[in-house]
Amino acid sequence: MPVGSSPASSPGGRRTRRVRMTGAQRREQLLDVGRQLFAERGFEGTSVEEIAHKAGVSKPVVYEHFGGKEGLYAVVVDREMRLLLDMVTSALTGGHPRELLEQAAFALLDYIEQSTDGFRILVRDSPVAQSTGTFASLISDIATRVEDILGEEFKQRGFEPKLAPMYAQALVGMVALTGQWWLDVRRPKKADVAAHLVNLAWNGLSGLEPKPRLIGHRKA
């Protein structure tokens, strides 16, 4: 009997027929299952057999939808990269340059908090990630959006605008690596992490504020 349409016992002892998933529903289910397993075990530690078993389907169903584990992983990674990039891009709503730094820091920390499994997948290295995009390339994409903001600020302050891309990489990379650390410890609070990140980025080590404060509307 086809998977997804086999009879099941009702509370009264009668046999009822399960509702068969559509192709789109099955695809989403496999993506959810794969995302969870890849986050827990990594690409190499996850097998098609495990994905199929957890989804309650046969191995050929996984191959039918994604061509194998590699195809499933590639779609999961692509979705997570687009989600994080969209969150950061939409968070940069303008205002004082220091507030823009706060917005970028909060966006990454929000993503880590809301999509922990996805972030764990993005920061892992795998053969598939090298062809579909890496966390480093994602950070580079975000930095590209930040460098235009920095370039304008550099011009106003008399700095060399050509250096803006390098500073953008440094700033975004600092936030991303701190996010990897915060993923496991989750202390201090998210707002405190954002405040200290901006404190270092804005003031530098020589001008650190003893008790940094956030100037934007977000306080948590």
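First things first, this report covers the structure right here in the doc. Computed from a predicted model, the values in this text were never measured in an experiment.

## Describing the overall build of the chain
Okay, step 1: What the chain contains, in helices and strands, is ten helices and two strands.
Okay, step 2: Counting helices and strands in the order they occur from the N terminus, the chain gives β-β-α-α-α-α-α-α-α-α-α-α.
Okay, step 3: Out of the 220 residues in the chain, the part that is buried amounts to 42%.

## Examining the nonpolar core
Okay, step 1: Judged by nonpolar contacts, the single largest core of 58 residues is most densely connected at L30, I51, L84, L122, F135 and L138.
Okay, step 2: No other element matches helix 4 (residues 69–91), which puts nine residues into this core.
Okay, step 3: In contact with L30, other than residues within four places in its own chain, are I51, A55, V57, V61, V62, H65, F66 and L72.

## Description of the pattern of salt bridges
Okay, step 1: Scanning all chains against the criterion turns up eleven salt bridges.
Okay, step 2: The shortest N-O distance in the salt bridge between D184 and R120 comes to 3.4 Å. A residue pair is termed long-range when its members are at least 10 positions apart, and D184 in helix 9 (residues 164–185) and R120 in helix 6 (residues 116–122) qualify at 64 residues.
Okay, step 3: Judged by its relative accessible area of 28%, R120 is partly exposed.
Okay, step 4: Through salt bridges with shared partners, a single network forms among D110, E113, K190 and R218.

## Considering a nonpolar patch on the surface
Okay, step 1: On the surface, a nonpolar cluster with roughly 300 Å² of combined accessible area is contributed by L163, M166 and Y167.
Okay, step 2: In this structure, M166 sits in helix 9.
Okay, step 3: Given a relative accessible area of 52%, M166 falls into the exposed group.

## Some thoughts on the packing of aromatic side chains
We describe a pair of aromatic rings using the distance from one ring centre to the other and the angle between the two ring planes.
Okay, step 1: For the structure on display, the rule yields six aromatic pairs.
Okay, step 2: A ring pair is formed by F43 and Y73, whose centres lie 5.0 Å apart and whose planes are at 65°; its orientation type is edge-to-face. Here the residue F43 occupies a position in the loop between helix 1 (23–41) and helix 2 (48–55), and Y73 occupies one in helix 4, the gap between them amounting to 30 residues. Across this residue pair, the class does not change: F43 and Y73 are buried.
Okay, step 3: Over the aromatic face of F43 sits the side chain of K69, whose NZ or CZ is 4.3 Å from the ring centroid.
Okay, step 4: Above the face of the F106 ring, R218 is positioned so that its terminal group lies 4.1 Å from the ring centre.

## Describing the environment of T144
Okay, step 1: Within the secondary structure, T144 sits in helix 8 (residues 135–157).
Okay, step 2: Overall, T144 belongs to the partly exposed group, its relative accessible area being 39%.
Okay, step 3: Taking the C-alpha atoms as reference, T144 lies 7.0 Å from P165; in sequence the two are 21 residues apart.
Okay, step 4: Within polar-contact distance, the side chain of T144 engages the backbone oxygen of S140 at 2.9 Å.

## Things to note about unusual backbone geometry
Okay, step 1: Residue P188 is reached from R187 by a cis peptide bond, and omega for that bond is 0°.
Okay, step 2: With respect to the helices and strands, the residue P188 is situated in the loop between helix 9 and helix 10 (190–203).
Okay, step 3: Positive phi values are uncommon outside glycine, yet R186 reaches one of about 55°.
Okay, step 4: Note that R186 resides in the loop between helix 9 and helix 10.
Okay, step 5: The class of R186 is partly exposed, set by a relative accessible area of 31%.

## Description of helix 10
Okay, step 1: With 14 residues, helix 10 extends 20 Å between its outermost C-alpha atoms, agreeing within 8% with the 20 Å of an ideal straight helix rising 1.5 Å per residue.
Okay, step 2: Turning to helix 10, its buried residues are K190, A191, V193, A194, A195, L197, V198 and N199.
Okay, step 3: On its buried face, helix 10 sits against helix 5 (97–114) and helix 9.
Okay, step 4: Positioned one or two residues after helix 10, G204 has a phi angle of 75°, which is positive.

The rules behind each value
- Residues numbered from 1 in each chain as written.
- Predicted model: local features only at pLDDT ≥ 70, side-chain atom pairs only at ≥ 80, totals over all residues.
- Heavy atoms only, no water.
- Helix = DSSP H or I, 4+ residues; strand = E, 2+ residues; numbered from the N terminus.
- Buried < 20%, exposed > 50% of the residue type's maximum accessible area, 1.4 Å probe, protein only.
- Core = buried A, V, L, I, M, F, W, Y, C linked by side-chain atoms within 4.5 Å.
- Contact = heavy atoms within 4.5 Å.
- Salt bridge = Lys/Arg side-chain N within 4 Å of Asp/Glu carboxyl O.
- Patch = residues over 30% accessible without salt bridge, like charges linked within 9 Å, V, L, I, M, F, W, Y side chains within 5 Å.
- Areas by Shrake-Rupley, 256 points an atom, 1.4 Å probe, with all protein chains shown as cover.
- Phe/Tyr/Trp six-rings, centres within 6.5 Å; stacked < 30°, edge-to-face > 60°.
- Lys NZ or Arg CZ within 6 Å of the ring centre and 35° of its normal.
- Polar contact = N/O pair within 3.5 Å; in protein donor to acceptor, adjacent residues only side chain to side chain.
- Expected span 1.5 Å × (residues − 1).

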